[in-house]
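# Geometric and topological summary
For reference, the chains in residue letters:
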Amino acid sequence: MWRLRRAAVPCEVCQSLVKHSSGIKGSLPLQKLHLVSRSIYHSRHPTLKLQRPQLRTSFQQFSSLTNLPLRKLKLSPIKYGYQPRRNFWPARLAARLLKLRYIVVGSAVGGGYTAKKTFDQWKDMIPDLSDYKWIVPDIVWEIDEYIDFEKIRKSLPNSEDLAKLTPDFDKIVESLSLLKDFFTTGHKLVSEVIGASDLLLLGSPGETAFRATDHGSESDKHYKKVSDKEKIDQLQEELLHTQLKYQRILERLEKENKELRKLVLQKDDKGIHHRKLKKSLIDMYSEVLDVLSDYDASYNTQDHLPRVVVVGDQSAGKTSVLEMIAQARIFPRGSGEMMTRSPVKVTLSEGPHHVALFKDSSREFDLTKEEDLAALRHEIELRMRKNVKEGCTVSPETISLNVKGPGLQRMVLVDLPGVINTVTSGMAPDTKETIFSISKAYMQNPNAIILCIQDGSVDAERSIVTDLVSQMDPHGRRTIFVLTKVDLAEKNVASPSRIQQIIEGKLFPMKALGYFAVVTGKGNSSESIDAIKDYEEEFFQNSKLLKTSMLKAHQVTTRNLSLAVSDCFWKMVRESVEQQADSFKATRFNLETEWKNNYPRLRELDRNELFEKAKNEILDEVISLSQVTPKHWEEILQQSLWERVSTHVIENIYLPAAQTMNSGTFNTTVDIKLKQWTDKQLPNKAVEVAWETLQEEFSRFMTEPKGKEHDDIFDKLKEAVKEESIKRHKWNDFAEDSLRVIQHNALEDRSISDKQQWDAAIYFMEEALQARLKDTENAIENMIGPDWKKRWLYWKNRTQEQSVHNETKNELEKMLKCNEEHPAYLASDEITTVRKNLESRGVEVDPSLIKDTWHQVYRRHFLKTALNHCNLCRRGFYYYQRHFVDSELECNDVVLFWRIQRMLSITANTLRQQLTNTEVRRLEKNVKEVLEDFAEDSEKKVKLLTGKRVQLAEDLKKVREIQEKLDAFIEALHQEK
């Protein structure tokens, strides 16, 4: 009860404040007194405790309520009525100097001044709590109704008045020091009094305004002794250590985050969550860029999507910087030799395993294994050399590579060939211009981020790439400058300020968004990425560039560079991707309109779809070869084979044998010549005829029009497939051996079984002889010129040579009429007789002319005689069956033609079986192989499938594909936000 009553009684200061303050409306108990007053004047009240609710809003740390001095200040107890055992006058003097009124007045005045300043500060710091009235107690908002704070502020004394009222504590301390020196006997008591006064001064509310002790003066003197330069150096050293400390903490946290993400991704990869993983955002964006790289920039639509283009002088360290960003040694390396011969697009994304794979391959290279790294570097080098055409050094064709791994920054980088100043031996003459054109093609994209790499170990004046970058981006709005080999630069450069000028871009005409300095190792290609990171961190930790503030902590290390480039890349992507999508929508509308107006009844088939359609038609036509009837095959083969061998049969076999005098000699000559012909020429001729027949039939099916369904756009492709398939096809070598035996057996047979075969042989013989007779008469006509009828009707005349041939022919015909059984050759005396007879008529002839004319005249005479003999042999089958016994009629020539005819029939049948059973299938297989090869050869398809229709369908398909991928990417981008 005593404690409760005491708590309810306010102190004298508060009672006087409540009575004399005009801002108080009515009489309020102490519990409803202003919070500020309670916190200042009652902080030492033994029972008064301010109950303040805990603010749970985000602005709690900025609220002035949290700065209220709620805890009690513990002061050393001072016993004002202390009576020592001995009456000791120095103690009385000290007590008088430190009377209670000075302490009370000093505390009151100092407390009032501090309260005024604290109130003003709180008033400025308190935020607008109108929206958070439900958090703060109602008493806070009701205080204004009871207390007029403005009048309280005016009633408080100002700083000048307080200063006049405040005692001079410095003099008091000096007096106490003198007393301490003169009165050693009271040393202990005086020290206690001085300690008590110091504690009172330190613990008083006016501490910030009146703290002026001997300790303070000594510290001020100590700091005055320290020079400003040493202070600055000390502060910079502390700042650097603090930055490095937080950098290491950040790296440690990122490493832990990287491991955790790796575990999560591995769980997803193993299918623990049994959900289908969506394609990453950067992979979707990379696919868009791959499609755009194949798109022919027409219809005023350009590829303006962002990429990080890595450019620099040769051997400036471009590849090393990219490898540090990718965290793997993935590129081929060479000592001073140009290794980057074509652009390499590297898509960095996050994944559970550190792997790399090409766009057109399913093989994954494990970047944690040295053998896979070596294989990857070798594969990149092979692809580069494959892209470079003969006679060139570099190629504009891009190699697409995806690199995934835990902790990788998501972005797309394009490593370009290094810019050179001089073309050395072994390079193409246009190498320098080609590299410049490739670099400009990538950098002229207004949204491309240019990562300009400069070698810090060489003179800045030797740089070529900076001029090129300044031309492409004169204002530096999308350029990031990177100084490599800073360790060598700091070691070799005499003036460190020159490095600062390079970093700040003062030595180059180019401007940049940011400037970075990196170290990419000690120049040893076998260094690991982790070793290079440790070396880089150690170098910058001890570097003078950071200690002297030439470089900032955020401007160093490849890790900071990677973060900055990734942030800039995604910022550019978000700003430009929707505009690019709109431009492709407009392009798609234009292309669709053009197609509807030009090809309204045709489907929109691109080059690949057209090729598949043509492929199916070609395979159908090859299959139709197997549906050709056997009769058709045999007729074609027999006719073609006879056309091929008829000249040899008549000229080399029949005519020589027919010149003999009896049948025995005729048959012997025929058998010998047939055997020689079968062993050496006939099987080969038969195979050639069969192969040519197959080609002709295949060509007929491939090229003949199909009516209204025929599409002439496939003609070039079909012709190329036909030629390539025929070129690759080879007839079975074993066919000739088996065919030789069959033909030999067929020619050995002389038995004609019936009259029908006999008549067929005579018919075959007549056709052959008539064809030869017709050819002979045409030859004679050409030799002697037009006859009298043509001369009179068509007004044609003979030449002098033709007149001589005509006179010679007439003379030779007279000789044949005299001797119809004349042999095939003229004797020398007969040639002389003919020549003299012609000379007697005034015609000069040469013996060779007589022989040539005789050959055609006798040939015609012989063929006419043979045809007459065929007519006689029509009734000779009966004598043939009796072996021409007791008969003057001999028809051995009919038997010969029957043997030839039968051999042709059996050969055609054999070749037909081989065609239908073997060769057609082999040809079909060759056609499929050719079509597969053409399908993989994009240049071949472009060459064979051409035209406005094809190009329009190609552009329409690509624009649609790009738009769909862009829309999907934009949707995923919004979802990520």
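These numbers were taken from a predicted model, which means no experiment stands behind them.

Here we take up the nonpolar core. Among the nonpolar cores identified, the biggest contains 100 residues, and Trp642, Tyr654, Trp677, Trp758, Ile900 and Val927 are the most heavily contacted of them. The greatest single-element share of this core, amounting to 17 residues, is contributed by helix H36 (residues 892–936).

Take the environment of leucine 717 next. Following the sequence through the fold, leucine 717 ends up in helix H28 (residues 715–728). By relative accessible area, which is 1% here, leucine 717 ends up buried. As for leucine 717 and phenylalanine 934, which are separated by 217 residues in sequence, their C-alpha atoms are 9.4 Å apart. Setting aside residues up to four positions removed in sequence, leucine 717 forms contacts with Phe611, Ala614, Phe934, Leu944 and Leu945.

This brings us to the pattern of salt bridges. Applying the stated criterion across every chain, the model contains 40 salt bridges. For arginine 329, the salt bridge goes to glutamate 323, with nearest N and O atoms at 3.3 Å. Glutamate 323 shares its class with arginine 329; the two are buried. We note a salt bridge from aspartate 737 to arginine 740, for which the minimum N-O separation is 3.3 Å.

Quick look at the pairing of strand S6 (residues 411–415) now. Most of S6 sits inside the fold, with five of its five residues counted as buried. Neither face of S6 is open: one carries Met411, Leu413 and Asp415, the other Val412 and Val414, and all of them are buried. With five bridges joining them, strand S2 (residues 344–350) and S6 adopt antiparallel strand pairing. Along S6, the bridge assignment pairs valine 344 with aspartate 415.

By way of backbone hydrogen bonds, the strands of a sheet pair with one another, either parallel or antiparallel. Read from one edge of the open sheet, nine strands run S4-S3-S5-S2-S6-S1-S7-S8-S9, paired in mixed fashion. Every other strand in the sheet has two partners, leaving strand S4 (365–366) and strand S9 (514–517) as the edge strands with one partner each. Relative to strand S5 (residues 399–405), strand S3 (residues 355–358) runs antiparallel, the two sharing four bridges. Bridge assignment links alanine 356 to a residue of S5, and that residue is valine 403. Helix H15 (residues 318–326) contacts strand S1 (308–312), S2, S5, S6, strand S7 (449–455) and strand S8 (479–484) of the sheet and is inclined by roughly 160° relative to S6.

Right, let's get into the side chain of asparagine 926. With respect to the helices and strands, asparagine 926 occurs in helix H36. Judged by its relative accessible area of 11%, asparagine 926 is buried. Reaching out from asparagine 926, the side chain makes a polar contact with the side chain of histidine 729 at a distance of 3.2 Å. Non-local contacts of asparagine 926, meaning those with residues more than four positions away in its chain, are made with Ser725, Arg728 and His729.

This part covers a nonpolar patch on the surface. A cluster of nonpolar residues, Trp788, Trp792, Leu793 and Tyr794, forms a patch on the protein surface that exposes about 620 Å² of accessible area. Relative to the assigned elements, leucine 793 resides in helix H31 (residues 788–794).

In this section: a negative patch on the surface. Together, Glu397, Glu929, Glu932, Glu936, Asp937 and Glu939 make up a region of like negative charge exposed at the surface. Element by element, the count of residues in the negative patch is highest for H36, at three residues.

Our next topic: unusual backbone geometry. Despite not being glycine, glutamine 327 shows a phi value in the positive range, around 65°. Position of glutamine 327 relative to the elements: it lies in the loop between H15 and S2. By relative accessible area, glutamine 327 is classed as partly exposed at 21%. At lysine 485, a position not held by glycine, the phi torsion is positive, near 55°. Tracing the sequence through the fold places lysine 485 in the loop between S8 and helix H19 (486–492).

A word on the packing of helix H24 (residues 607–625) against helix H38 (residues 948–976). Where H24 contacts H38, the two axes come as close as 8 Å, and the packing angle between them is 125°. Taken together, the axes of H24 and H38 are oblique relative to one another. Of the residues in H38, those touching H24 at Arg607, Asn608 and Leu610 are Arg949, Val950, Gln951, Glu954 and Lys957. Residues belonging to the contact of H24 with H38 are distributed by class as follows: two nonpolar, two polar and four charged.

Scoring rules and cut-offs
- Here, residues in each chain are numbered from 1, in the same order as that chain's written sequence.
- With pLDDT at 70 or above as the cut-off, local features in this predicted model cover only qualifying residues; side-chain atom pairs require 80 or more to be listed or tallied, and sums for whole chains, interfaces and linings still use all residues.
- The side-chain figures draw on all heavy atoms in the structure; neither hydrogens nor water molecules are used.
- As used here, the term nonpolar core means buried Ala, Val, Leu, Ile, Met, Phe, Trp, Tyr and Cys residues forming a set that is joined through side-chain atoms within 4.5 Å.
- Each residue gets one of three labels from its accessible area relative to the maximum for its type: buried under 20%, exposed over 50%, partly exposed in between, using a 1.4 Å probe on protein chains only.
- Here a helix means four or more residues in a row that DSSP labels H or I, a strand means two or more in a row labelled E, and each is numbered from the N terminus.
- Residue contacts are defined here by distance: any two heavy atoms, one from each residue, within 4.5 Å place the two residues in contact.
- A pair is scored as a salt bridge if a Lys or Arg side-chain nitrogen falls within 4 Å of a carboxyl oxygen belonging to Asp or Glu.
- Strands were regarded as paired on the criterion that DSSP finds at least two bridges between them.
- Axis definition: a line fitted to C-alpha atoms, over the contacting stretch in the case of helices. Angles run 0 to 180 degrees between N-to-C directions.
- Identification of polar contacts relies on pairs of N or O atoms within 3.5 Å, with a donor-acceptor requirement for protein atoms, meaning one able to donate a hydrogen and the other able to accept it, and with residues adjacent in sequence counted only if both atoms are side-chain atoms.
- What makes a patch is a set of residues exposed beyond 30% relative accessible area and free of salt bridges, joined within 9 Å when like-charged and within 5 Å when nonpolar (Val, Leu, Ile, Met, Phe, Trp, Tyr).
- Note on areas: Shrake-Rupley with a 1.4 Å probe; residue coverage comes only from the protein chains shown.
- Here the positive residues are Lys and Arg and the negative ones are Asp and Glu; neither His nor the chain ends is included.
- Where a charge sits is defined by one atom per residue type, namely NZ (Lys), CZ (Arg), CG (Asp) or CD (Glu).
- Orientation is classified from the angle alone, with under 35 degrees giving roughly parallel, over 145 giving roughly antiparallel, 65 to 115 giving roughly perpendicular, and any other angle giving oblique.
- Nonpolar residues are Ala, Val, Leu, Ile, Met, Phe, Trp, Tyr, Cys and Pro. Charged residues are Asp, Glu, Lys and Arg, and all others, Gly as well, are polar.

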